[in-house]
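Fold and geometry: a report
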Amino acid sequence: MFQRRQQRAVLLLATVDTILAVIAFAGAFWTRAALPMRELHLDPAARILVLVASAVAVVAAGRVAGVYSSLYAGDRPQVLGGTLKQALLAAPALLAFLYLLNLEVPVSRLLLALFFAYLAILQVAQRLLAEGFLPEVRRALGAVTSVVVVGEGDRALALARAVDDSDRHGLELLAVVGCGDEIGPVAGLSRDYRVRTVGEMPAMLESEAIDEVLFAVSSSRLRSLEGVFVLCDEHGIKTRVAADFFPHVHSRMHFDRLGGRPMLTFSIAPADHLQLLVKRCLDVLGAGACLLLLSVPMALVAVLVKATSPGPAIFRQPRCGLNGRLFTCYKFRSMVEGADSLREEIRHLNEKDGPAFKVRNDPRLTPIGRFLRRFSIDEWPQFWNILRGEMSFVGPRPAIPSEVGQYETWQRRRLRMRPGLTCLWAIRGRDQVDFDSWMQMDLEYIDNWSLLLDLRILVLTVPVVVAGSGAN
């Protein structure tokens, strides 16, 4: 299924789940209220808030359970299992939302059990009905996309099978057209197809209702098919090219324009500009709030640092930011003044492999600095870096330029995301993680980034920092 179609389908499914959640909670509430037990009462305003909370809880549970990402790729047992998991997670999620809303709502265990049961029944019924009737409804409404695959060899066969497997999502394979390398037997499809030739394309476009033509050819073959592209363009038929001949392993690919010039773009970092804008807005709001709320504690920490050892309260150091741009990183000074000049004297104590330098019980730490590091208080001034846009709350830690100079090529990819206060390494061992694992976790974060992942990392970081675990 095409990704944009899947995004629309996921949005539709989330909307359906929202409606089902409201129905399930309303049914559970009315059922509980009708039982001869302690009376349940909610005023209209509170009832609306609870209904909204139930809808948010169900959609959030669906994201956490991976229902929306696997619904269009998994088989029936996987889909139904994920749906039941979503319903099971929705009940405690609803309780959490009600707690956060600070509502004095008598949410009984029976009410939550009824909500879970009704929601599970409604969602499973909806999934089964959709799977059974949606393809027929699409055909009745003329919402099926007829596709022709043009290509060579196994590449064309693989694309044809992918289209054929997506028939329940509204794609219909009309024909397979061979060009160049001979296409072998068209096996593994829902029905038999005769492999047609490029010469038959004009007649096909004239006589058959074709919505899209997909090309699965080598880059050297594209020029020879220019006439077919022009013909499809004249008929107003959408064309797509499988760009799997490009050697980009990790890059995400999208189409853009510079002026009137078409550009095929490969991006190794997240390119969802809307989500990135939301991330930046949350960074600004969060950093501003932290600086305001912590202004008095930060002033006290600065006085303690200054009073307990000679030197400035704030330590400034050049770090590598987004795409390697240098910026000044701020921290409360946790070491004696001139600590960098003493590094060579204690290099034999380094416990890290690779370019990183970490020493347990570093003799350069001041007494107050040891406490500040244990609970990450020394990082508080970096809220100013976040506010300025040089850092984010979540992202790979900003590296020292001398360390970046020693990176292997694959490790430099971690610079393609704005650095942050915390990331996956912080919730998987903190300073106890070896250098290669640290780099791989940063790349894992970049490859799987989403706002939900950021939220998960932030939530899991809090108990780690409060406990002071894993910090040197």
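Residues numbered from 1 in each chain as written. Predicted model: local features only at pLDDT ≥ 70, side-chain atom pairs only at ≥ 80, totals over all residues. Heavy atoms only, no water.

**Brief notes about the overall build of the protein**
- The helix and strand inventory of the protein stands at 15 helices and eleven strands.
- In the protein, which comprises 472 residues, the proportion classed as buried is 42%.
- Taking the intrachain contacts of the protein between residues at least 6 apart in sequence as the baseline, contacts between residues at least 24 apart amount to 71%.
- Of the roughly 25,400 Å² that the protein leaves accessible, carbon and sulfur atoms contribute 61%. (Helix = DSSP H or I, 4+ residues; strand = E, 2+ residues; numbered from the N terminus. Buried < 20%, exposed > 50% of the residue type's maximum accessible area, 1.4 Å probe, protein only. Contact = heavy atoms within 4.5 Å. Areas by Shrake-Rupley, 256 points an atom, 1.4 Å probe, with all protein chains shown as cover.)

**Things to note about the pattern of salt bridges**
- Within this structure, the stated rule accounts for 14 salt bridges.
- Here Arg-221 ties to Glu-152 by a salt bridge, and the two come within 3.3 Å at their closest N and O atoms. Here Glu-152 lies in the loop between strand E1 (145-151) and helix H6 (153-164) and Arg-221 lies in the loop between strand E4 (212-216) and helix H8 (226-235), a separation of 69 residues in the sequence.
- Classification of Arg-221 as partly exposed rests on a relative accessible area of 27%.
- Among the ionic pairs, Asp-454 bridges to Lys-279, the shortest N-O distance being 2.5 Å. Highlighted residues: Asp-454 in helix H15 (residues 451-467) and Lys-279 in helix H9 (residues 273-293), separated in sequence by 175 residues. (Salt bridge = Lys/Arg side-chain N within 4 Å of Asp/Glu carboxyl O.)

**Details of the packing of aromatic side chains**
- Scanning the model with the defined rule gives seven aromatic pairs in all.
- Ring centres 5.8 Å apart and planes at 45 degrees place the aromatic pair Phe-383 and Phe-393 in the tilted group. Highlighted residues: Phe-383 in helix H12 (residues 382-388) and Phe-393 in strand E10 (residues 392-394), separated in sequence by ten residues.
- Of the residues examined, Phe-383 reaches a relative accessible area of 8% and is grouped as buried.
- Given a relative accessible area of 14%, Phe-393 falls into the buried group.
- One aromatic cluster is present, formed by Tyr-407, Trp-425, Phe-435 and Trp-438 through successive ring pairs. (Phe/Tyr/Trp six-rings, centres within 6.5 Å; stacked < 30°, edge-to-face > 60°.)

**Digging into H15**
- In this model, H15 (17 residues) spans 25 Å end to end at C-alpha, consistent with the 24 Å of a helix rising 1.5 Å per residue.
- When we look at burial in H15, the residues that qualify are Leu-453, Asp-454, Ile-457, Thr-461 and Val-464. (Expected span 1.5 Å × (residues − 1).)

**Regarding the sheet that holds strand E5 (residues 238-241)**
- Read from one edge to the other, the open sheet built from five strands follows the order E3-E2-E1-E4-E5, with strand pairing classed as parallel. Each having just a single partner strand, strand E3 (195-197) and E5 make up the two edges of the open sheet. Adjacent strand axes in the sheet meet at a mean angle of 30 degrees when their direction is disregarded.
- Of the pairings in the sheet, the one linking E1 to E4 comprises five bridges and is parallel in character. The partner of Gly-151 across the bridge, within E4, is Ala-216.
- Contacts from H6 reach E1, strand E2 (171-178) and E4, with the element oriented near 170 degrees to E1. (Pairing = 2+ DSSP bridges. Axes fitted to C-alpha atoms, helices over the stretch in contact; angles between N-to-C directions.)

**Some details on unusual backbone geometry**
- If you check the backbone angles, Asn-323 has positive phi at about 60 degrees while not being a glycine.
- Judged by relative accessible area, which is 36%, Asn-323 ranks as partly exposed.
- Even without being glycine, Ser-376 reaches a positive phi, approximately 60 degrees.
- The topology assignment puts Ser-376 in the loop between helix H11 (367-374) and H12.

**So, the confidence of the model for the protein**
- In the predicted model, the protein carries a mean pLDDT of 80, and 83% of its residues have values of at least 70.
- Segment residues 137-142: pLDDT under 50, and seven contacts once partners within four positions in sequence are set aside and those in other chains are kept. (pLDDT = per-residue confidence, 0-100.)

**Notes on the side chain of Thr-461**
- If you trace the backbone, Thr-461 turns up in helix H15.
- Assessed through its relative accessible area of 10%, Thr-461 is described here as buried.
- If near-sequence neighbours (up to four positions away) are discounted, Thr-461 is found in contact with Thr-422 and Ile-427.

**Thoughts on the pairing of E1**
- For E1, a buried count of seven out of seven residues is recorded, marking the element as mostly surrounded by other parts of the structure.
- Strand direction decides the pairing type here: E1 and E2, joined by seven bridges, are parallel. Within E2, the residue paired with Ser-146 across the bridge is Glu-172.

**Describing the nonpolar core**
- Counting residues in each nonpolar core, the largest one holds 38 residues, and the members touching the most others are Leu-372, Trp-438 and Tyr-445.
- Sorting the residues of this core by element identifies helix H10 (295-308), strand E9 (326-332), H11, H12, E10, helix H14 (435-447) and H15 as the ones contributing at least two each.
- Top element by residues in this core is H14. It accounts for seven residues.
- Here Trp-438 is in contact with Ala-356, Arg-397, Arg-414, Trp-425 and Val-433, once residues within four sequence places are set aside. (Core = buried A, V, L, I, M, F, W, Y, C linked by side-chain atoms within 4.5 Å.)

**Regarding the pairing of E4**
- Within E4, five of the five residues are buried, leaving the element largely enclosed by the surrounding structure.
- Neither face of E4 is exposed, since Glu-212, Leu-214 and Ala-216 on one face and Val-213 and Phe-215 on the opposite face are all buried.
- Note that E4 and E5 share four bridges and pair parallel. The partner of Val-213 across the bridge, within E5, is Thr-239.
- Considered for its hand, the β-α-β crossover made up of E4, H8 and E5 is right-handed. (Right-handed = clockwise from strand over helix to strand, strands pointing away.)

**Section: a nonpolar patch on the surface**
- A contiguous nonpolar patch, built from Val-64, Leu-89, Leu-452, Leu-455, Val-459 and Leu-460 and spanning about 490 Å² of accessible area, is present on the exposed surface.
- At four residues, the largest contribution of residues to the nonpolar patch is made by H15.
- Among the structural elements, Leu-460 can be located in helix H15. (Patch = residues over 30% accessible without salt bridge, like charges linked within 9 Å, V, L, I, M, F, W, Y side chains within 5 Å.)

**Section: the packing of H9 against H10**
- Relative to each other, H9 and H10 sit at 60 degrees, their axes nearing to 4 Å. The pairing of H9 with H10 is recorded here as oblique in orientation. Each of Leu-291, Leu-292 and Leu-293 in H9 lies in contact with H10, whose residues at this interface are Ser-295, Pro-297 and Met-298.
- Split into classes, the residues belonging to the contact of H9 with H10 amount to five nonpolar, one polar and no charged. (Parallel < 35°, antiparallel > 145°, perpendicular 65-115°, else oblique. Nonpolar A, V, L, I, M, F, W, Y, C, P; charged D, E, K, R; others polar.)

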